[in-house]
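# Architecture at a glance
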Amino acid sequence: MQAFEEQRPRLFAIAYRLLGSASEAEDAVQDTFLRWHAADPQTVRSPAGWLAKVLTNLCLTRLTSARARRETYPGPWLPEPVLTAQSALGPLDRAELRESVSLAFLLLLERLTPPQRAVFVLREAFDYSYREIAQILDLAEANCQQLYRRARLQVAKDRPRFPRRSQASRERGHRIAEEFLAAARSGDLAALETLLAADVVAWADGGGKAVAARRPVHGGPRVARYLAGWMSREVPGVRFVVTEVNGQPGILGAVGEQLLFAALLSLAGGQVTAVHTVVNPDKLAFLTRQLM
């Protein structure tokens, strides 16, 4: 039991990056525990390696079915947001690690095949060697190297510029998020537009369970009107919190213990380049538990 509990945080961090879903990551970790509990300890030489192998392959199975479900998802699909100030996704002390959990980056990973995603995540975010990855996936090392090269090329082709974020820039991002919230809440379109890049895009994920735009909104003026339109509405008892979510500035809105939305801001050059807002209540459940 102790060996599993020592690995639990790492297992969740891996599963979340593979699945983009905190709830599914928790289920995958629990399924891994059940297999660990049923295994013969005498046959396990390396608990960490054994658990990583079982978890990764469970996630690959889940990814295959998830891709089919997301093809019929109502409106844009976004990953589940997770508070990162509590280190729920492991150490984020390097810019590359912070980037690996941003919503924009997780969306890029959705374009990879499940094996490509597994190799890329294990290699990039967790520094597994090709030999270790080959053992986890039951593939040849050469095959893993090829999968990694293809995944890296795909990600490099599609990725926007992710700025390196020092502590100073993180503090600046927090201030921008506060200014963003103040402008949107007051309906100050002029102030809001100054914070938005000209080609900013806003996505919203309601999952058919909450009101949300079914298509992305493009351009500073349209995004400003769209955001101010719903963030300036008076909701009795609503409170807002600016915090770090998925390694980036985030704004949370809640009434009592009910979390209404999580809006994540992507920044570059001191401006907001993308806004990802999750209002699907199912996708806010994990974040709500983190706040309690």
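Residues numbered from 1 in each chain as written. Predicted model: local features only at pLDDT ≥ 70, side-chain atom pairs only at ≥ 80, totals over all residues. Heavy atoms only, no water.

## As for the environment of L196
Inclusion rule: Where helices and strands are cited, they refer to DSSP runs of H or I of at least four residues and of E of at least two residues respectively, numbered from the N terminus. When a residue's accessible area, from a 1.4 Å probe over protein chains only, is under 20% of the maximum for its type it is buried; when over 50% it is exposed; and in between it is partly exposed. By definition, residues are in contact when any of their heavy atoms lie within 4.5 Å.
By the secondary structure assignment, L196 is in strand β1 (residues 196-205). Note on L196: relative accessible area 4%, which makes it buried. With 78 residues separating them along the chain, L196 and A274 place their C-alpha atoms 8.5 Å apart. Beyond its immediate chain neighbours, meaning those up to four positions away, L196 contacts F180, G220, V223, A224, Q271 and V272.

## A word on helix α11 (residues 220-231)
Rules: By this rule the span expected of a helix is its residue count minus one, scaled by 1.5 Å.
Between its terminal C-alpha atoms α11 stretches 16 Å, which fits the 16 Å expected from twelve residues at 1.5 Å a residue. Here α11 has its buried residues at G220, V223, A224, L227, A228, W230 and M231.

## Brief notes about the pattern of salt bridges
Keep this limit in mind: One side-chain nitrogen of Lys or Arg within 4 Å of one carboxyl oxygen of Asp or Glu is enough to make a salt bridge.
Counting across every chain of the model gives eleven salt bridges. A salt bridge links R289 to E26; the nearest nitrogen and oxygen atoms lie 2.6 Å apart. Of this pair, R289 sits in helix α12 (residues 285-291) while E26 sits in helix α2 (residues 22-38), and the two are 263 residues apart along the sequence. Residue classification places R289 among the partly exposed residues on the basis of a relative accessible area of 44%. For E26, a relative accessible area of 32% gives the class partly exposed. Note that K53 and D138 form a salt bridge whose closest N and O atoms lie 2.7 Å from each other. Residue K53 is found in helix α3 (residues 47-70), and its partner D138 is found in the loop between α7 (130-137) and α8 (141-158); the two are separated by 85 residues along the sequence. Under the relative-accessibility criterion, K53 is labelled partly exposed at 26%.

## Brief notes about the state of the cysteines
The term disulfide refers to a covalent linkage connecting the sulfur atoms of a pair of cysteines. The following threshold applies: In this description, a disulfide is simply a cysteine sulfur pair whose atoms lie within 2.5 Å.
Applying the stated criterion to the full structure yields zero disulfides. Cysteine C59 shares no disulfide, and the gap to the nearest cysteine sulfur, in C144, comes to 16 Å. A relative accessible area of 0% means that C144 is categorised as buried.

## Here's the deal with empty space enclosed by the protein
As a reminder of what qualifies: Buriedness for pockets is judged along seven lines, at least five of which must meet protein on both sides within 12 Å for an open set on the 1 Å grid over protein atoms alone, while cavities are sets there where a 1.4 Å probe fits but cannot get out, and lining residues have an atom within 4 Å of a point. Grid points are joined across faces, edges and corners, and a volume is the space filled by probe spheres set on the points. Under the convention adopted here, Pro, Cys and the residues Ala, Val, Leu, Ile, Met, Phe, Trp and Tyr are nonpolar, Asp, Glu, Lys and Arg are charged, and Gly plus all remaining residues are polar.
Evaluation of the coordinates by the stated rule reveals one cavity of 30 Å³ or more. The computed volume of the largest cavity comes to approximately 40 Å³. L63, R67, R70, L109, E110, L112, T113, P114 and R117 together form the lining of the largest cavity. Looking at the lining of the largest cavity, the elements that each hand over two or more residues are α3 and α6 (114-124). The residue makeup of the lining of the largest cavity, split by class, is four nonpolar, one polar and four charged.

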